[in-house]
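Chain by chain, the residues run as shown.
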Amino acid sequence: TLSIRQFPCLVDNYGFLVRDDATGQVAAIDTPDAEAILADLDASGWGRLDCIYNTHWHPDHAGGNARLKEVTGCTIIGPQEVTRIAPLDQAVAGGDEVRLGETTFRILDVGGHTLGHIAWWSEATGDAFVGDSLFVLGCGRMFEGTPDQFWAGLQRLAALPPETTVHCAHEYSQGNARFALSVDDDPAVTARAEVIFSLRQRGLPTVPTTIGLERATNPFLRAPGLRPGLDAVAAFADIRAAKDGFKG
């Protein structure tokens, strides 16, 4: 089994610490704020940080690598692009596998937000750590990739079992919900937006989500049905462009 700690940091990021319960080995998924991660590690009582698993190179995901390496001596594993800004001990790409104790993570290529963006998926525990590739009712901005690359990555995530728990890296859900309502009048989307608004009004997180819930309500995964005159990639690109310019 995998124990997971989620905690807010920076403006709207989530930090994650995960522990393989069989061996006690611990990993941080991305390093948005090294001091916040160290504080939560201390609060956890887990007493160690063996690894950092990066999803992509952006500073709010790899910016704490050097500090955590200095303090804990952990091994840093992620896509090669991380070396643009931060230390990396081992580069991985889609199709690779990494073990945290007895828990195996499969690396999924979800490039598009950045070219080398990856997700970390444990089939055994049913958890996927997706960085900025997929959000609650949303997806990341397409900073470096192309629509066909991004769509292919989202389809790899959508193909995971519907009960897969999706650990997103940001609390963007209210803005995503307002956009979803502007492009999709499906009752399931409306109902989900109401839940999201209620959670945030009470100061509660909307993360994690599930693959099944995102397939049913996320406009980026539903793009072909929302733009029936376009092929799937063009429909996704159109929805992504609409979100980029959305002011709601």
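Here goes a summary of the coordinates provided. Since the model is a prediction, treat every value here as computed from it, not as a measurement.

Rules used in this analysis
Residues numbered from 1 in each chain as written. Predicted model: local features only at pLDDT ≥ 70, side-chain atom pairs only at ≥ 80, totals over all residues. Heavy atoms only, no water. Helix = DSSP H or I, 4+ residues; strand = E, 2+ residues; numbered from the N terminus. Rg over C-alpha atoms; globule rule 2.2 N^0.38 Å. Buried < 20%, exposed > 50% of the residue type's maximum accessible area, 1.4 Å probe, protein only. Contact = heavy atoms within 4.5 Å. Areas by Shrake-Rupley, 256 points an atom, 1.4 Å probe, with all protein chains shown as cover. Lys, Arg positive; Asp, Glu negative; His and termini not counted. Charge placed at Lys NZ, Arg CZ, Asp CG, Glu CD. Expected span 1.5 Å × (residues − 1). Arc of directions from axis to C-beta. Pairing = 2+ DSSP bridges. Right-handed = clockwise from strand over helix to strand, strands pointing away. Salt bridge = Lys/Arg side-chain N within 4 Å of Asp/Glu carboxyl O.

### What about the overall build of the protein?
- The helix and strand tally for the protein stands at nine helices and 14 strands.
- For the protein, whose C-alpha radius of gyration is 17 Å, the value lies close to the compact-globule estimate of 18 Å for 248 residues.
- Each principal axis of the C-alpha distribution contributes one length, and for the protein these read about 55 × 35 × 30 Å.
- Taken across its 248 residues, the protein has 50% of its residues classed as buried.
- In the protein, the share of contacts with a sequence separation of at least 24, taken over all contacts with a separation of at least 6, comes to 60%.
- Summing over all exposed atoms, the protein offers an accessible surface of approximately 10,100 Å²; the carbon and sulfur share of this is 50%.
- Between the mean site of the 20 positive side-chain charges and the mean site of the 32 negative ones, the protein shows a separation of 3 Å.

### A word on helix α4 (residues 147-158)
- With 12 residues, α4 should reach 16 Å at 1.5 Å per residue; the first-to-last C-alpha distance of 16 Å fits that figure.
- Among the residues making up α4, those that are buried are Phe150, Trp151, Gly153, Leu154, Leu157 and Ala158. Along α4, the residues classed as buried sweep out an arc of 160° about the axis, all on the same side.

### A look at the pairing of strand β3 (residues 26-29)
- Because side chains alternate across β3, one face comprises the buried residues Val26 and Ala28, and the other comprises Ala27 and Ile29, equally buried.
- As judged from the four bridges shared by strand β2 (residues 13-20) and β3, these two strands associate in the antiparallel manner. Bridge assignment links Val18 to a residue of β3, and that residue is Ala27.
- Connecting β2 to the next strand, β3, in antiparallel fashion are five residues, including Gly24 with a positive phi near 80°.
- Handedness of the β-α-β unit built from β3, helix α1 (residues 34-44) and strand β4 (residues 51-53) comes out right-handed.

### Description of unusual backbone geometry
- Pro208 follows Val207 through a cis peptide bond whose omega is 10°.
- Within the secondary structure, Pro208 sits in the loop between α6 (187-201) and β14 (209-210).
- Its identity as a non-glycine residue notwithstanding, Leu10 has a phi of 55°, on the positive side.
- Summarising the element assignment, Leu10 is placed in the loop between β1 (2-9) and β2.
- A positive phi angle, close to 55°, is found at Leu137, a residue other than glycine.
- Among the secondary structure elements, Leu137 is positioned in the loop between β11 (134-135) and β12 (138-139).

### Some points on the pattern of salt bridges
- On inspection of all chains with the given rule, the structure shows 16 salt bridges.
- Between Glu97 and Arg106 there is a salt bridge, and its shortest N-O distance comes to 3.8 Å.
- Its relative accessible area of 52% is what places Glu97 among the exposed residues.
- With a closest N to O distance of 4.0 Å, Arg200 and Glu171 form a salt bridge. Remark: Glu171 occurs in the loop between β13 (165-168) and α5 (173-183) and Arg200 occurs in helix α6; sequence separation between them is 29 residues.
- Glu171 gets classed as buried once you look at its relative accessible area, which sits at 13%.
- One continuous salt-bridge network, built from bridges that share partners, spans Glu35, Arg67 and Glu70.

Nothing here speaks to function; it is all geometry.
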